[in-house]
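# An overview of the molecular structure
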Amino acid sequence: MSSTEQIQTLSSADLALARTFPKNFVWGAATAAYQIEGAAQEDGREPSIWDMFAAIPGKVHQGDNGTIANNHYHLVQEDVELMAQLGLGGYRFSIAWPRVIPQGRGAVNAAGLDFYDRLVDTLLTKGITPFATLYHWDLPLALHQEGGWTNRDTAYAYADYAEIVARRLGDRVAGWMTLNEPWCSAYLGYGIGIHAPGEQDLQQAIDAGHHLLLAHGLALPRLRANSAPNVPVGISLNFTPIYPADERAETLRDAERADLFVNRWFIEPLARGQYPDGLFAALEVEPPPVQAGDLELIGAPIDFLGVNNYTRDVVRGGTTPARADESIKVGPVPGACYTEMGWEIYPQALADLLIRLHREYGMQALYVTENGAAFKDNWDSGDQVHDPRRVAYMQEYIGALASAIEQGAPVRGYFVWSLMDNFEWAEGYAKRFGIVYVDYQTQRRITKDSGLWYSALLEAWRANTVS
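Residues numbered from 1 in each chain as written. Predicted model: local features only at pLDDT ≥ 70, side-chain atom pairs only at ≥ 80, totals over all residues. Heavy atoms only, no water.

### Some thoughts on helix 15 (residues 348–361)
For helix 15, built from 14 residues, the straight-helix expectation of 20 Å at 1.5 Å per residue is met to within 8% by its first-to-last C-alpha distance of 19 Å. One or two residues past the end of helix 15 sits Gly 362, with phi positive at roughly 70°. (Helix = DSSP H or I, 4+ residues; strand = E, 2+ residues; numbered from the N terminus. Expected span 1.5 Å × (residues − 1).)

Here you go:
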């Protein structure tokens with residue numbers, strides 16, 4: 001399909017939407033290493049906590065795992081060509097720590113670094129800007145056996161790993177994200193155990209969260225020292241805006257406590273150099289083991305904040321204060337629509353969030369580093385996959401993004417989650433987020449209607465910005 005034909009597939013509203021974004025905006029897609037790479041036992045890679053967790057019966061849907069996943073490790077050339085065909089301007093990928101440093105510290109695996117070196121060069125050859133996430137949940141198993149993120153030493157091992165990767169790729173990567181969603185790593189992994197490593201101890205979650213933030217702080221200067229001048233360094237946090245179900249005092253109280261836990265736990269140490277007042281009391285835990293100088297490292301300025309958002313929560317107050325992680329959530333919200341993950345579709349939450357991060361926390365550069373939706377996709381073995389609900393989701397959320405920018409939110413780019421269907425953690429392969437369909441039996445990729453729509457939107461944006 002020619003550029004003109006692509007643009008002609010868009011509605012007048014879509015064309016108007018494309019015209020609202022600035023010339024230097026980055027349009028991309030995102031993935032994560034364990035979710036797509038496969039080759040889990042090849043070329044020197046050693047197990048991660050997710051290999052361990054997925055092997056435990058009952059932890060992952062139908063016993064699925066990432067051993068093969070999308071076989072991206074072997075199909076990287078084809079996958080980058082697909083990105084080019086979609087017209088992506090940027091690609092956010094993650095680097096697998098156990099592929100680069102199999103034991104978490106010590107010997108470097110040359111083959112692992114070579115893979116990411118080839119990926120970055122292939123992206124650049126196709127005119128796609130590489131954005132790298134250094135940690136997207138796949139902690140080397142060897143470090144878990146020493147306490148994982150509850151062990152302060154893991155933060156120092158991470159900083160060494162970050163420097164090693166930056167020395168190899170820092171001359172070409174356009175932006176670094178130290179961590180992806182440390183809230184999930186800490187709470188889902190250590191607090192309630194539905195993600196790797198499967199621990200169930202809220203105090204461990206608090207301690208792990210601090211060490212994750214410390215790892216970020218330790219890595220910042222080392223990434224900057226080993227990258228090309230002015231390469232931005234940031235972090236990607238997940239946010240779920242909290243809305244009170246009514247104006248009763250108890251509802252406002254519990255909504256505030258939920259916001260402390262869900263949204264403020266990680267942003268405030270980063271933006272303000274301190275944990276939010278009342279957080280640990282609201283969770284009924286002890287503060288984490290903060291040492292002298294930790295919060296100064298954690299609160300050092302970042303160049304941008306990555307924002308991951310999919311939905312919102314509506315909270316209703318109880319008679320007595322709920323523990324911050326046990327607030328009463330309203331669901332389903334009357335009249336609302338939901339994705340296959342059970343997440344409400346509420347695009348205004350994204351706009352509200354971006355404006356809040358700028359106004360309340362002073363963030364001067366934001367990227368939406370994940371946003372997307374899982375729906376049931378039906379493929380008839382042909383060349384098309386129709387996913388009208390995902391198209392509508394993207395139209396609405398990108399529209400909300402445009403609204404936030406118009407209100408002053410300094411958003412520099414948008415990365416849809418995800419480039420292609422993949423291993424969705426505890427959900428295995430049951431949930432599909434991709435704008436490209438993957439038939440896992442044959443590893444065939446089929447661009448969905450949402451991918452075609454996104455490609456046309458990007459083509460219309462380019463046509464407008466060069467005219």
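Additional details are given in the paragraphs that follow.
### Section: the pairing of strand 5 (residues 233–238)
Strand 5 sits mainly inside the fold: six of its six residues count as buried. Both faces of strand 5 are covered, namely the face carrying Val 233, Ile 235 and Leu 237 and the face carrying Gly 234, Ser 236 and Asn 238. Looking at chain direction, strand 5 and strand 7 (residues 304–308) are connected through five bridges and run parallel. When the sheet's bridge partners are listed, Ser 236 is paired in strand 7 with Gly 306. (Buried < 20%, exposed > 50% of the residue type's maximum accessible area, 1.4 Å probe, protein only. Pairing = 2+ DSSP bridges.)

### Considerations on unusual backbone geometry
Here the amide bond leading from Gly 331 into Pro 332 is cis, since omega sits at -5°, within 30 degrees of zero. Each neighbour pair has its own omega, and for Trp 417 with Ser 418 the value is 10°, a cis peptide bond. Inspection of the secondary structure assignment puts Ser 418 in the loop between strand 11 (411–417) and strand 12 (436–439). Phi angles above zero are rare outside glycine, and Asp 43 is one such case at about 50°. Checked against the element boundaries, Asp 43 lands in the loop between helix 3 (33–36) and helix 4 (49–54).

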